[in-house]
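The chain contents come next:
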Amino acid sequence: MEKKDNKINETIAEENVKLLRIISTISALFLSILLLMKKYSNLVTIQIYIVSVFVILFVIILILSFTTKFVKRNASKVMHILYYFASIAAIYANYIYNDYLQFTMLLSVITLSILIIKEVKKLINYIIVIYPIVLLSIVFINQSLVFKFVTMVEISVVFIIAFYNLNIEEKMKIKIAESDNIIEKIANTDTLTGILNRHMLNNYLIECKENYLKNKENCAVMFIDLDNFKNINDAFGHNVGDDALKLSANKLKASVRQSDNVFRYGGDEFIILFKNINKKELNGFANRIMEQFIEPLEVGVLEVYTSPSIGISLYPDDSNEIENIIRNADAAMYRAKSTGKNTYKFFSKDIDAALKRRAEIESLLRRAVQNNEFTLAYQPQIEISSGVTTGLEALIRWNNKTLGNITPSEFIPIAEETGMIIPIGEWIVKTVCRQSKEWERKGLNTVPIAVNVSGIQLKNSKLIYMLKKYLEEENLSAKRIVVEFTESIIQDTDKSLKIVKELQNIGIKVAIDDFGTGYSSLSLLKDIPIDILKIDSFFIKDIVTNKNTLEIIKLIIEMAKKLNFKIIVEGIEIEEQARIVYENGCNYVQGYFFSKPLNAHDVEQYLK
Ligand code: C2E
Ligand code: MG
Ligand code: MG
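The structure contained in this document is the topic of the report that follows. The model shown is predicted, which means the values in this text are computed figures rather than measured ones.

A closer look at the overall build of the chain
Secondary structure summary: the chain contains 23 helices and 18 strands in total. In the chain, which comprises 608 residues, the proportion classed as buried is 46%. When contacts within the chain are restricted to residue pairs at least 6 apart in sequence, long-range pairs at least 24 apart make up 69% of them. Taken as a whole, the chain presents about 31900 Å² of accessible surface, with 56% of it coming from carbon and sulfur.

Now the structure itself:
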C-alpha cells in the first residue's frame, strides 16, 4: 500500500519536473530573444539588466531541476512560482514595448493578487481567456513590427504553458484516481478467487451495525469451511487446489443474492454476509449452497469432491456485539463439522456455553503444569492366554480447583491447538520415566509403559531429544517406553517413517493407536515398520453382534502376523468380547473388563 503511494508520488513529481524544465527553457529562450533584439528596440540599461536577471533565474532553475533533489521533490511549488515569474516577465516585456501602461499595470496587479491568493486554477483561466485578448488587442493597436512579433511569441508561450499545466493537472487527477482504484481493489479482493477478502469484512460489519442502529435491519453471517480440502491439495497438488477454491467461490456467489457479499476468510474458509434476512431464508440459502456442492468441482479433466460445513449466526439475535458474529458463526461451523460435516448449524445457547467452557479450559490449562494439577493413571495391558500384565498405558488426568475433573478427550485437543501440549507432553514423559524407575527400585514387575504422543509433538523436532533426555536422567532402558501415535499421523508416510525408525534406533517401540477411526488404511502399514497396532474400541462395541466387524478384525490380525507386529485390542468391557477376540487369534487386550486405569499407588498393589 505504502509502496503504491510512493509510486504515484514519484510519477507526479516526474511530470512536474518535466513541466518545470519546459517552462524555464521557454521563458529563458523568449527573454533571450528579447535581449538579442534590443538593437531594434529602445531598451534602457536598467531594463536590460532586469530582463537578464530573469534569463539567469530561469537558467539556474533549469540546471537545479537536473541536479538538486529539493527542486525535484518540490517541482510543483517551484513550477508555480516560476509560472508567475514567467507571467511577470511577459508583462514587463509588454511594458517595455508599448505605451499602454494602464493595461500592463492592470495585468500585473491581477496576476500578483492571484499569486498572493494562490488560486492557480483561476490564474490559468484568466491567462487563457483574458491575457491573449489583451495582448491581441495590443498587437492590432501597436504598429511596430518587432513588437508584434515579440507579442505573438509571448502569446504562444503563455498558451503553451497554461494549456500544458491544465492538461497535466487533469492527467494527474485521472492517474491518481486510477491508481487509487487499483490499490483499493488489491487491498479489498482476494487475489486467488477475486471475491472480497478478509480485510474488507470489518468495514462491512461496521456498516451492518450502523444499519441496524438506524433502520433496525438485521444481518447474518455464514461461516463456510470446505470439508477435507486438505486432501484435495495433498492428492492433486496446490494448482488443482487453487482452481477448486476458485470454483467453490463461484458456487457460493451463485447460491446467494446479488446484494449478499461473499468473502474469502482464509484457506478453505469463506464468509457470506446477508443483510435484512430471517432464519427461514437462511435455511434456504444454506440448502442451496449444499446442493451446489453435490456435483463435483471440474478442474480440467479432474473431478474433485468437497462439501461445505456451514455455521450461521445472526446479529443482533445471537449477540449484541457485532464483533462476536464471526466467532459465533465459526463455533456453529465447528459444531456442524463435528456432527458429521456437509451440514449447517445455527449458533445456539449450548454452542455459546461450549465456547465459554473452552475459553475457560484454555486459560486454566496454561497454569496447570506449574500448579501440579495433572496426574497419570495407568491402564494394564493383558496377555489373555496367561493373564499376565505385559504393559501399562499412561493416561493423563486433570483435576482443577474450579472445574473439577476434565477428561483428556476434552482438554487434549485444546492443548494441541494452543501448543500447550508441548510442555504437558514433556511433563508426561518425565513423570513416566521417574515412575518407572521408582517401581524398578521397589523391585516390582517392570513392564513397558506406553505414552500417548500427539501429532503436534511430532512436528516439534525436540521429541526424540526429550525422550532421550529423560531416559538418560533416570538411567532407564529405552525398552521401558512405548510411544503411541494416533493413526492419522501416519498420513505423511515419509515423515512418519523417519521418526518411527529414529525411535526404534534408540530402542523405543512404536504403537499406532485408535486404529480404524482415522483415514489410514491397512495398506499404509506396509510402508511403516511399526511394533504394535491398537485396534480402537469402536470395533469392539459391536463385535458380538456384527459379523462384518469381526471379519475386519480377522483381516487385521492376519495382516499383523504377516507384517510381524503385535496387536492390542482396546476397550474390552465384557467377557464375551475377550473370548471372541482371543478365539480369532488376538492375545493382547486392554479394557475395563480387565482393569480400569489405576493411580500409581493402585498400580503398585496390582503389580504385587
Ligand atoms: P487412548 O489413547 O485410546 O486411551 C484409551 C482410552 O480409552 C482412555 O480414555 C481409557 O480410559 C479408555 N478406556 C480404556 N478401557 C476402556 C473400556 O473398556 N471401555 C471404554 N469405554 N473406555 C476404555 P481416556 O483416559 O479418557 O483418554 C482418552 C484419550 O485421550 C486417549 O485415548 C488419548 O488419545 C488421549 N490421552 C489420554 N492421555 C493422554 C496423554 O497423556 N497424552 C496425550 N497426548 N493424549 C492422551
Ligand atoms: Mg493410547
Ligand atoms: Mg486408543
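Moving on from the model shown.
Some remarks on the packing of helix α13 (residues 349-368) against helix α14 (residues 408-418)
Closest axis-to-axis distance for the α13/α14 pair is 10 Å, and the angle between their directions is 70°. What the angle tells us is that α13 and α14 run roughly perpendicular. Of the two possible hands of crossing, α13 and α14 adopt the one that is right-handed. Taken together, the residues of α14 that come into contact with α13 (itself represented by R357, R358, I361, E362, L365 and R366) are E410, F411, I414, A415, E417 and T418. By residue class, the composition of the contact of α13 with α14 is five nonpolar, one polar and six charged.

Let's talk about helix α10 (residues 238-255)
The α-helix winds at 3.6 residues per turn, so residues separated by three or four positions along the chain end up facing the same way. Compared with the 26 Å implied by 1.5 Å per residue over 18 residues, the 25 Å span of α10 between its first and last C-alpha is a close match. Of the residues making up α10, those classed as buried are V240, G241, A244, L245, S248, A249, K251, L252 and S255.

Notes on the site of ligand 1
Close to ligand 1 lie 20 residues, the nearest being R397, D513, D514, E573 and Y592. Side-chain polar atom of Q379 to a nitrogen atom of ligand 1: 2.9 Å apart, as the coordinates give it. Protein contact buries 81% of the 790 Å² of open area that ligand 1 shows by itself. Secondary-structure elements contributing two or more residues to the shell around ligand 1 are β10 (388-400), α14 and β14 (509-515). When its residues are assigned to classes, the shell around ligand 1 shows eight nonpolar, five polar and seven charged.

A look at the coordination of the magnesium ion (ligand 3)
Those donors, D513 (OD), D514 (OD), E570 (OE) and E570 (OE), are the protein atoms that reach the magnesium ion (ligand 3), and they lie 2.0 to 2.4 Å from it. In this structure, the magnesium ion (ligand 3) lies 4.0 Å away from the magnesium ion (ligand 2), the two metals sharing D513 as a donor. Highlighted residues: D514 in strand β14 and E570 in the loop between β16 (566-569) and α22 (575-583), separated in sequence by 56 residues. The exposure class of D514 is partly exposed, given its relative accessible area of 23%. Overall, E570 belongs to the buried group, its relative accessible area being 12%.

Thoughts on the pattern of salt bridges
Applying the stated criterion across every chain yields a total of 26 salt bridges. For the salt bridge of D260 with R257, the shortest nitrogen-to-oxygen distance reads 2.9 Å. Residue classification places D260 among the buried residues on the basis of a relative accessible area of 6%. E440 is the partner of K437 in a salt bridge, and the nearest nitrogen-oxygen pair spans 3.2 Å. Placement of the pair is K437 and E440 together in helix α15 (residues 421-441), with a separation of three residues, close to one helical turn. Here K437 falls in the buried class, since its relative accessible area comes to 12%. We classify E440 as partly exposed; its relative accessible area is 32%. Put simply, R358, E362, R366 and E417 are held in one network by salt bridges that share partners.

Section: the sheet that holds strand β3 (residues 261-266)
Across the sheet, six strands lie side by side as β1-β3-β4-β2-β7-β8; this open sheet has mixed pairing. Sheet topology places β1 (196-197) and β8 (344-346) at the edges, where each strand pairs with a single neighbour. Inspection of the sheet shows strand β7 (residues 308-315) paired to β8 by three bridges, in the parallel sense. Paired with I310 across the two strands is Y344, which belongs to β8.

Description of the pairing of β10
Bridge count for strand β9 (residues 374-383) against β10 is ten bridges, and the pairing is antiparallel. Note that in β10 the partner of I382 across the bridge is T389. Inspection of the sheet shows β10 paired to strand β12 (residues 449-452) by three bridges, in the parallel sense. Along β12, the bridge assignment pairs A394 with V451. Note: β10 against strand β11 (residues 404-406), three bridges, orientation antiparallel. Among the inter-strand pairings, W398 is bridged to a residue of β11, identified as I406.

Description of the packing of aromatic side chains
Applying the stated criterion across every chain, the model contains twelve aromatic pairs. An angle of 80° between the planes, with centres 6.2 Å apart, marks the rings of Y344 and F346 as edge-to-face. An angle of 45° between the planes, with centres 5.9 Å apart, marks the rings of F374 and W427 as tilted. One end of the pair, F374, is in strand β9; the other, W427, is in helix α15, and 53 residues separate them in sequence. Accessibility assignment for this pair places F374 and W427 in one class, buried.

As for the nonpolar core
By size, the foremost hydrophobic cluster in this structure holds 77 residues, and its most contacted members are F485 and I567. The greatest single-element share of this core, amounting to eight residues, is contributed by α15. If we skip the residues at most four places from it in the chain, I567 touches L533, I535, I556, I557, A560, C586 and Y588.

Let's talk about the environment of K401
Looking at the element boundaries, K401 is found in the loop between β10 and β11. Between the C-alpha atoms of K401 and L364, which are 37 residues apart in sequence, the distance is 9.7 Å.

Brief notes about unusual backbone geometry
Cis geometry marks the peptide bond from Y315 to P316; its omega dihedral reads 5°. For P316, the location among the structural elements is in the loop between β7 and α12 (324-338). Even without being a glycine, D514 presents a positive backbone phi close to 50°. Even without being a glycine, N564 presents a positive backbone phi close to 70°. Note on placement: N564 falls in the loop between α21 (547-563) and β16.

With respect to the packing of helix α9 (residues 229-236) against α10
Between α9 and α10, the least distance of the axes is 7 Å, while the angle of their chain directions is 140°. With respect to each other, α9 and α10 are oriented oblique. Judged by residue contacts, F229, I232, N233 and F236 of α9 engage H238, V240, G241, A244 and L245 from α10. Partitioned by chemical class, the residues of the contact of α9 with α10 number six nonpolar, three polar and no charged.

What counts, and at which threshold
- Residues numbered from 1 in each chain as written.
- Chains lettered and ligands numbered in written order.
- Predicted model: local features only at pLDDT ≥ 70, side-chain atom pairs only at ≥ 80, totals over all residues.
- Heavy atoms only, no water.
- Helix = DSSP H or I, 4+ residues; strand = E, 2+ residues; numbered from the N terminus.
- Buried < 20%, exposed > 50% of the residue type's maximum accessible area, 1.4 Å probe, protein only.
- Contact = heavy atoms within 4.5 Å.
- Areas by Shrake-Rupley, 256 points an atom, 1.4 Å probe, with all protein chains shown as cover.
- Axes fitted to C-alpha atoms, helices over the stretch in contact; angles between N-to-C directions.
- Parallel < 35°, antiparallel > 145°, perpendicular 65-115°, else oblique.
- Left-handed = near helix turned anticlockwise from the far one by under 90°.
- Nonpolar A, V, L, I, M, F, W, Y, C, P; charged D, E, K, R; others polar.
- Expected span 1.5 Å × (residues − 1).
- Near = heavy atom within 4 Å.
- Polar contact = N/O pair within 3.5 Å; in protein donor to acceptor, adjacent residues only side chain to side chain.
- Donors = N, O, S within 2.8 Å, 3.2 Å for Na, K, Ca; no water.
- Salt bridge = Lys/Arg side-chain N within 4 Å of Asp/Glu carboxyl O.
- Pairing = 2+ DSSP bridges.
- Phe/Tyr/Trp six-rings, centres within 6.5 Å; stacked < 30°, edge-to-face > 60°.
- Core = buried A, V, L, I, M, F, W, Y, C linked by side-chain atoms within 4.5 Å.

In short, geometric facts, not functional conclusions.
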